[in-house]
Structure formats: C-alpha cells, structure tokens
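Structural overview for review
For reference, the chains in residue letters:
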Amino acid sequence: MNRIPRWMRSVVVSVTTMMFAVLVAQAQQPAPTQPATTVVRAARMIDPKSGNVMQNPVVVIRGGRIASVGANAAVPSGATVIDLGNLTLLPGLIDAHTHLLQNYRGELGGDDPNMLITVATMSTAKRALLGAKMGREDLEAGITTVRDLGNSGFSGDVALRDAINAGWVIGPRIRASTRAISAAGGQFGPVQPETQKLIEQEYAVVSTVDEARRAVRQAFYDGADLIKVIVNTGPRVVSLDEMKAIVEEARRVNRTVAAHAIGDTATRIAAEAGVTSIEHAYTIPDDVLRMMAQKGIYLVATDYPAEFYVNALGPSTLTPEQKQQQLAGATQFAKGNGERLMRAVRAGVKVAFGSDEYYDTPGRTRGQASLLTLQAYQEAGMSPLEVLRSATVNGAALLGWSDRIGAIEAGKLADIIAVDGDPLKDVKELQKVRFVMKGGEVVKR
Ligand SMILES: [Zn+2]
C-alpha cells in the first residue's frame, strides 16, 4: 500500500485532481434531464401504519423513489402508467430472518446432516449462486427486503447483497450479518475433531469477552450490516458478559444485534444484554417478555402452521401412522408457538415477521413458503392488520430503514406489491402476490 515514493504520490494526486476537475466540468455542462416518471394506479391501497385504505390511489415514482401519493390524483404528463385495475397496493414485504444461502433437503434427515453436507461440499461461491436463486424467489413472492442471518459461508451473504445492489442479479435488498457469533461448535451436531475445522466456515466461535469483541469487529470488517449471535445450542451458551460486550461493540457504531435464543436462560441473557431482536424464542418466560417490551426489543417469531413442519420434510418414507404421529407433534409445537406469540403481543412486545425458511419445500418457492409464517401469526390470533405491520413498518424499524421502506409514502423507495383479495380480511391473500416493484423497477406483473 505504501510502496509508491512520496514525490510520485504527489504527482499522482495532482494528475487525479486535474482529471476530476475535467470530469466535474463535463458533468456540469448539459442541463440535467428529469428522470423518467412512472405512475402505478389500482383500486385500493392499504397503509399498514394507520390501517387506512385509500380508494383509487395514484402513486408517482421518479428515480426509484415515490414522489407523491394521492387518491384520484392527476397523472403527470409523459408518465408511463401501470394500471393494476382492481388490485390492492401494499408496501413491499420485509422478511427479518432469512437464510438465502441454505436450501436443506428434508429427506437427508434434519439440520445436523444437512449442515455438514452443505458446509463440507459447497463453496461459498456456489452458495452465493444458490442465494441468488432463493433471493429471486423471495422477491417474486413480494418480499422486497430481507435481513439475512448467517449460515452463508465466509460472507457469501455480503457477496450476494453487493451483487444485487450492483444489478448483477435480481433479488431483494439485503441486510447481511456474515458468520454468526456462537459458543463452541456453532449449531453443528457432534463431529470428529478433524472435521471441526468446518465450523469456522459458518460460525465465529467465542469463549471470552475479548473474543466476543474481536468477532464483532471482524464481522464489520467482513462487511456485516448487523450482528447475529447464537446465544444457545443445547448446553452451549454465550455468557451474559460476552453478550453485553457484543451489544456494546455493535451499538458504538450504530449497528444492531439479532439473537437466536430459545428457553429461559438464553432469552434472559439476550434481553438483559439489550439486543435489538430475539429470534425464535419458542419458549420464553413472561418476565423476559416484559423486559423485551420495556427495552423495545423485537420478537422475530419464526413460526409456521403445523402442516408445514410435516410437508416441508419432503417426499417421506414414513408410514401413515408415523406421519400421523409427526403431525400430532407438529400441531403441539405450533400451538405452543401461537400461545407464546399472543403472550408477547399482550405484554406489548413488538413483533417483526421472520420466516427462518431454509428447507426445500415441495410445490412452493422459497418466497411462497416463507409467507406461511404470516398465516401462522393470523392463526395464533393476531389481527390481519397486526400481521401486515409485522412485515412492513415493524420490519423497517427493526432493520433501521424506517426512512426508506415499509410504507408507500413520498420520499420512500418505490417497493410496491399488489394482490387480488383483501389482506385486511385474510393475510393468506399475500401468498398470491400479482405485482412486484422494487426501487421503481417492475419485477413481476
Ligand atoms: Zn435462523
């Protein structure tokens, strides 16, 4: 970096300055042309923030952003008009918990063998290409922004994010976390010492407060927008002191922390440390929920309807009796999840939609399968409007992007979807998105 002698460097600098001056002069000459104007109109528009429904909305879009919104408003002359007839407009959806660089197969027998095969046999480059496919499937289903939470090799999520931003591939906006920070072993099942080297492909393992700090700084160096921590995997738990250090390191630079935590000990550690969101929390005590409400910590409830847990496991060799047994177990699990979701809502905890979808799901794209989580929220007892908020305004706030996404408002990015039916009556309508626009570009029509 410092091999150019000092005198030569100053010559380089002055030449560069001259070239820059020429470029600026050239850029200033012609009068700037107005960016093209697009208008999207439809029968209705839902504002998830207020719950209001606007009739005959006219959304004017310029330079990828929303310039104005009004009922029966005049269409600017020369605008390209996209008339969606009887459809209903909504802001693009936000999935706050994705794993785009993973696509497990149920027939391989669950997380442990799948993780081993994925990490041992797929390069990060190959996984990023898989992520491009999964991302496109999310976007076409109406998910225009995701927070990708680890399991992406060595910063494959960062590569995918940057490729999408550069226009190399089509996909949702991504907030990336790089490798998740965890206790020994990450989320791997037991493997031989020779094989344990694989763990660092996927996780940054920490055992002290200093290592925790170092892992956060390394993640930011690797390109992370936020930090993901696996607070517990079985009896391996990140300590409260380590968690506090992680949160402090991230907060200092205005970044957030997403904590995978399940059960009393781990959710308590995460809440006490003051993370931004707690993921999963399939079991969580009431006093921890109250602490989350007080501190404004989001619950990202990665729930599914019971049938999903059975069908997602793919072509199965189970006997009908075994399948019945499996469904009974899944029904119990889904019921428990629904109850804890409503306990959280009643305690005043903000909920953000997160699918945690990472299995190949027969008959559904990645995006379509992910949206089943919204159905689970509704089946648990959340109103359709509350469910819509979890996937729009709440997601935007959790991602620190309230100024750009989560609403169809002047100044926001033009991330707009449209559906046939009325999602304020039934959020399952979101499973059939007919139109998708991201940043003013039509992705699906
Ligand atoms: Zn996850």
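Now for a look at the structure at hand. (Residues numbered from 1 in each chain as written. Predicted model: local features only at pLDDT ≥ 70, side-chain atom pairs only at ≥ 80, totals over all residues. Heavy atoms only, no water.)

1. Considerations on helix α9 (residues 286-295)
Residues of α9 that are buried: V288, L289, M291 and M292. Axial view of α9: buried residues confined to an arc of 160 degrees, hence all on one face. Contact partners of the buried residues in α9: α8 (264-273), β17 (277-280), β18 (298-301) and α11 (320-347). Looking at the residues trailing α9, positive phi occurs at G296, about 70 degrees. (Buried < 20%, exposed > 50% of the residue type's maximum accessible area, 1.4 Å probe, protein only. Helix = DSSP H or I, 4+ residues; strand = E, 2+ residues; numbered from the N terminus. Arc of directions from axis to C-beta. Contact = heavy atoms within 4.5 Å.)

2. What about the environment of E140?
When you line up the elements, E140 lands in helix α3 (residues 124-140). Measuring from C-alpha to C-alpha, the distance between E140 and A334 comes to 27 Å, with 194 residues separating the pair along the chain. Once residues within four sequence positions are removed from consideration, E140 is found in contact with V436, V443 and K444.

3. Observations concerning the nonpolar core
Residues I227 and M243 are the most contacted members of the largest nonpolar core, which totals 74 residues. With near-sequence residues (within four places) excluded, I227 lies in contact with I181, V216, A219, F220, I246, A250, T256, V257 and A258. In this structure, M45, L89, I416 and F435 belong to the second largest nonpolar core, which totals 16 residues. (Core = buried A, V, L, I, M, F, W, Y, C linked by side-chain atoms within 4.5 Å.)

4. Considering the packing of aromatic side chains
Within the structure shown, the criterion is met by 9 aromatic pairs. Measuring from ring centre to ring centre gives 3.9 Å for Y304 and F308, while their planes differ by 15 degrees; the resulting arrangement is stacked. On the accessibility criterion, Y304 (4% relative accessible area) is buried. The structure contains a cluster of three or more aromatic residues connected by ring pairs, namely Y282, Y304, F308, Y309 and F333. Over the ring of F220 we find R255, and its NZ or CZ is 4.9 Å from the ring centre. (Phe/Tyr/Trp six-rings, centres within 6.5 Å; stacked < 30°, edge-to-face > 60°. Lys NZ or Arg CZ within 6 Å of the ring centre and 35° of its normal.)

5. Some points on helix α13 (residues 372-380)
Burial within α13 is extensive, with 7 of its 9 residues counted as buried. Of all the residues in α13, the buried ones are L372, T373, L374, Q375, A376, Y377 and Q378. Summarising the contacts, the buried residues of α13 are in contact with β18, α10 (306-311), α11, β19 (351-353), α12 (366-370) and α14 (384-390). Following α13 by one or two positions, G381 has its phi on the positive side, about 125 degrees.

6. Observations concerning unusual backbone geometry
Positive phi, close to 75 degrees, is recorded for H280, a residue that is not glycine. Take H280: it is sitting in strand β17.

7. Looking at the sheet that holds strand β10 (residues 173-176)
As summarised here, the arrangement of the 3 strands in space is β8-β9-β10, forming an open sheet in which the pairing is parallel. Two strands in the sheet have a free side with no partner beyond their single neighbour: β8 (93-98) and β10. Taken pair by pair, the neighbouring strands of this sheet meet at an average axis angle of 15 degrees, ignoring direction. Packing of helix α4 (residues 156-165) onto the sheet brings it into contact with β9 (143-148) and β10, and relative to β10 it is tilted by some 150 degrees. (Pairing = 2+ DSSP bridges. Axes fitted to C-alpha atoms, helices over the stretch in contact; angles between N-to-C directions.)

8. Structural notes on the sheet that holds β19
The parallel open sheet is built from 7 strands, whose spatial order is β12-β11-β13-β16-β17-β18-β19. The open sheet has two edge strands with one neighbour each: β12 (203-205) and β19. Neighbouring strand axes in the sheet, compared pairwise and without regard to direction, differ in orientation by 30 degrees on average. For strand β11 (residues 180-182) and strand β13 (residues 227-230), the ladder comprises 2 bridges, and the chain directions are parallel. Residue pairing for β13: I181 is matched across the bridge by V229.

9. Some remarks on the coordination of the zinc ion
Protein-derived ligands of the zinc ion are H97 (NE2), H99 (NE2) and D356 (OD), with the metal-ligand distances lying across 2.1 to 2.3 Å. Taken in sequence order, the residues that donate to the zinc ion follow the motif H-x1-H-x256-D. Judged on exposure class, the residue H97 and its partner H99 are both buried. (Donors = N, O, S within 2.8 Å, 3.2 Å for Na, K, Ca; no water.)

10. Remarks on the pairing of strand β20 (residues 416-419)
Alternating residues of β20 divide into I416 and A418 and I417 and V419, and every residue in both groups is buried. The pairing of strand β7 (residues 88-91) with β20 spans 4 bridges and is classified as antiparallel. Residue pairing across strands places P91 opposite I416, the latter belonging to β20. Where β20 and strand β21 (residues 435-438) come together, 3 bridges link them in antiparallel fashion. Looking at β21, one finds that I416 is bridged to M437.

11. Focus: empty space enclosed by the protein
Across all of its chains, the model carries 1 cavity of 30 Å³ or more by this definition. Reported here for the largest cavity is a volume of approximately 40 Å³. Taken together, T178, R179, A204, A215, Q218, A219 and D222 make up the full set of residues lining the largest cavity. Residue contributions to the lining of the largest cavity peak at 3 residues, all from helix α6 (residues 209-221). Residue composition of the lining of the largest cavity, grouped by class: 3 nonpolar, 2 polar and 2 charged. (1 Å grid on protein atoms, 1.4 Å probe; cavity = no way out; pocket = protein on both sides within 12 Å on 5 of 7 lines; lining within 4 Å. Points joined across faces, edges and corners; volume = space filled by probe spheres on them. Nonpolar A, V, L, I, M, F, W, Y, C, P; charged D, E, K, R; others polar.)

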